[in-house]
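# Residue-level structure breakdown
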Amino acid sequence: MERRSFIRRISIALASIAGIFLGASFLKQFAHRHGEQGKRIRVGRLSDFPVDTYTYINDHKIFVYRDHEGIRSVSAVCTHLGCIIQRTDEGFECPCHGSCYSEEGKVVSGPAPTALAWYKMERTPDGKFIVDLDKKTGADEKLYFA
Ligand code: FES
């Protein structure tokens, strides 16, 4: 009798621990989704972005492009199946299935169904740039240095 009681208590304890882990991972999924909304990422200072260059930000899968007038950012994620695109002389190319995008991110060829996403940028008072992944802009819009 005592042994059965012990085994039952151990079973209940193990089931409770498993339930806690399952519940925590379930809640973590929602927390992650919530964190992706309203996502504003700091990408660096002006000196981090050479003029006339697309700088790849690996942590966030975006390119930041700076010219003499301003700065803008574009997604580096292919709209076909999500591979990371690469810069070419004409625009962007996906190494997975060959989609090509123009300099403005429009689909030139390949299976990609839609253009690349461009994101709004802001500058903080202390001179750092922020990319707002929730606010899409047109390819011709940039944050002007003024
Ligand atoms: S994932 Fe880019 S072309 Fe298929």
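This text goes with the structure placed above it.
Residues numbered from 1 in each chain as written. Predicted model: local features only at pLDDT ≥ 70, side-chain atom pairs only at ≥ 80, totals over all residues. Heavy atoms only, no water.

## Focus: a nonpolar patch on the surface
Taken together, the side chains of Phe-6, Ile-7, Ile-10, Leu-14 and Ile-17 present a nonpolar region at the surface, about 490 Å² in accessible area. Mapped onto the elements of the fold, Ile-17 is located in helix H1 (residues 2–36). Looking at Ile-17, the relative accessible area reads 45%, which means it is partly exposed. (Patch = residues over 30% accessible without salt bridge, like charges linked within 9 Å, V, L, I, M, F, W, Y side chains within 5 Å. Areas by Shrake-Rupley, 256 points an atom, 1.4 Å probe, with all protein chains shown as cover. Salt bridge = Lys/Arg side-chain N within 4 Å of Asp/Glu carboxyl O. Helix = DSSP H or I, 4+ residues; strand = E, 2+ residues; numbered from the N terminus. Buried < 20%, exposed > 50% of the residue type's maximum accessible area, 1.4 Å probe, protein only.)

## A short note on the pairing of strand E9 (residues 118–123)
Sheet topology note: the strand E4 (residues 70–75)/E9 ladder contains two bridges and is antiparallel. Its bridge partner lying in E9, Val-74 is registered against Trp-118. Taken together, the six bridges between E9 and strand E10 (residues 128–137) define a ladder with antiparallel strand orientation. Opposite Trp-118, over in E10, you have Thr-137 as the bridge partner. What sits between the antiparallel neighbours E9 and E10 is a turn of four residues, in which Gly-127 has the positive phi angle 90 degrees. (Pairing = 2+ DSSP bridges.)

## Looking at the packing of aromatic side chains
Tallied over the full model, the rule gives six aromatic pairs. Note on Tyr-54 and Phe-92: the rings are 5.3 Å apart at their centroids and 85 degrees apart in plane angle, and the pair reads as edge-to-face. Here Phe-92 lies in strand E6 (residues 91–93) and Tyr-54 lies in strand E2 (residues 53–57), a separation of 38 residues in the sequence. Phe-92 shares its class with Tyr-54; the two are buried. (Phe/Tyr/Trp six-rings, centres within 6.5 Å; stacked < 30°, edge-to-face > 60°.)

## Points about the side chain of Ser-99
Structurally, the position occupied by Ser-99 is in the loop between E6 and strand E7 (100–102). For Ser-99, the side chain forms a polar contact with the main-chain nitrogen of Ala-112, separated by 2.9 Å. In contact with Ser-99, not counting residues within four places along its chain, are Cys-78, Phe-92, Glu-93, Cys-94, Ser-109, Gly-110, Pro-111 and Ala-112. (Polar contact = N/O pair within 3.5 Å; in protein donor to acceptor, adjacent residues only side chain to side chain. Contact = heavy atoms within 4.5 Å.)

## Structural notes on the state of the cysteines
One pass over the full model with this rule turns up one disulfide. Sulfur-sulfur distance for the disulfide between Cys-83 and Cys-96 comes to 1.9 Å. In this structure the cystine formed by Cys-83 and Cys-96 twists about its S-S bond by roughly -95 degrees; its chirality is therefore left-handed. One end of the pair, Cys-83, is in the loop between E4 and strand E5 (86–87); the other, Cys-96, is in the loop between E6 and E7, and 13 residues separate them in sequence. Classification of Cys-96 by relative accessible area gives partly exposed; the value is 37%. (Disulfide = S-S within 2.5 Å.)

## Some words on the sheet that holds E7
The sheet built from four strands is open, its strands ordered E5-E6-E7-E8 with antiparallel pairing. In this open sheet, the two edge strands, each paired with only one partner strand, are E5 and strand E8 (107–109).

## Considerations on the nonpolar core
Grouped together as the largest cluster of nonpolar side chains are 14 residues, with contacts concentrated most on Tyr-54, Phe-63, Val-74, Ile-85, Phe-92 and Tyr-101. One finds Ile-41, Val-43, Ile-62 and Ile-71 within the second-largest nonpolar core, a separate group that totals twelve residues. (Core = buried A, V, L, I, M, F, W, Y, C linked by side-chain atoms within 4.5 Å.)

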